[in-house]
Amino acid sequence: MSANAFDLTGRTAVVTGANTGIGQGIAVALAQAGADVVLVARRDPAETRRLVEDTGSRAHVVMADLSSIEPCERIVAETVETFGQLDILVNNAGIIRRNDALDFSEEDWDAVMDVNLKVLFFLSQAAARHMSGSSRREDTRGKIVNIASMLTFQGGVRVPSYTASKSGVGGLTKLMANEWAPKGINVNAIAPGYIATNNTAALQEDETRNRQILERIPEGRWGNPSDIGGAAVFLASSAADYVQGHILAVDGGWLAR
């Protein structure tokens, strides 16, 4: 492995759900490693764009609602038109709906499955067609990084569609790796543990639940978005060229307990 195996200079990455939290942490980390980053979001990711550009990398924003597959081809086309290539795709965008399994609605089921699984697959498909096509750069492999979950491994409670979708992300990651490895594409996933973001603010503020969570995590702290960013840089880099179909838990030891 070369000394600069983690260097992403000259590569272009797409990060979905890049507005805040884990998506922002991943986008900034990829930029720090040298990649230009396309930020896909429903709301203007102005802060993320500034943080990416502060690293010296270029940023481009694609506004898109990922509740349907409509934007998938457009995201890839605009990325290639802007930066000339697409080397890395991070499927981070996701939603969650909570209710008892006995009362869970079809609407909440479909909404979560569409964003977390259906769009993830079809955006990956669009990206992989470019990565494996005649325009593919011979000196680099395409990299697809999916964001899974602790519920890729566990059942959880009151989140049936989220659990199903994230279990599906694990399976799709392996399937895509099986099919696309011969085409020069690595497909892997990151399963974040409890990460301190806006989405987990209520849990952090709940004194009892916060204590219970921390008692199980050997590391003894909540994760930061930058913790996920480091894993994304690894999987997006040539250092991970022989890693395929893997789900990397970044959880402070949660699953080990």
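Look above for the structure.
All values reported here derive from a predicted model rather than from experimental measurement.

Caption draft 1: View of the layout of surface pockets. One number sums up the size of the largest pocket: a volume of about 1,600 Å³. If you trace the largest pocket, you find 49 residues lining it, with G94, I95, I96, Y162 and N199 closest to the centre. Sorting the residues of the lining of the largest pocket by element identifies α1 (21-32), β2 (36-41), α4 (106-131), α5 (160-180), α6 (201-205) and α7 (207-216) as the ones contributing at least two each. By residue class, the composition of the lining of the largest pocket is 24 nonpolar, 16 polar and nine charged.

Caption draft 2: Quick look at the pattern of salt bridges. Per the stated rule, a full pass over the model turns up nine salt bridges. Close ionic contact of R97 with D108 constitutes a salt bridge, the shortest N to O distance being 2.7 Å. Here the residue R97 occupies a position in the loop between β4 (88-91) and α4, and D108 occupies one in helix α4, the gap between them amounting to 11 residues. Classification of R97 as partly exposed rests on a relative accessible area of 30%. A salt bridge links E215 to R211; the nearest nitrogen and oxygen atoms lie 3.7 Å apart. Here the residue E215 and the residue R211 both occupy positions in helix α7, the gap between them amounting to four residues, near one helical turn.

The rules behind these values
- Residues numbered from 1 in each chain as written.
- Predicted model: local features only at pLDDT ≥ 70, side-chain atom pairs only at ≥ 80, totals over all residues.
- Heavy atoms only, no water.
- 1 Å grid on protein atoms, 1.4 Å probe; cavity = no way out; pocket = protein on both sides within 12 Å on 5 of 7 lines; lining within 4 Å.
- Points joined across faces, edges and corners; volume = space filled by probe spheres on them.
- Helix = DSSP H or I, 4+ residues; strand = E, 2+ residues; numbered from the N terminus.
- Nonpolar A, V, L, I, M, F, W, Y, C, P; charged D, E, K, R; others polar.
- Salt bridge = Lys/Arg side-chain N within 4 Å of Asp/Glu carboxyl O.
- Buried < 20%, exposed > 50% of the residue type's maximum accessible area, 1.4 Å probe, protein only.

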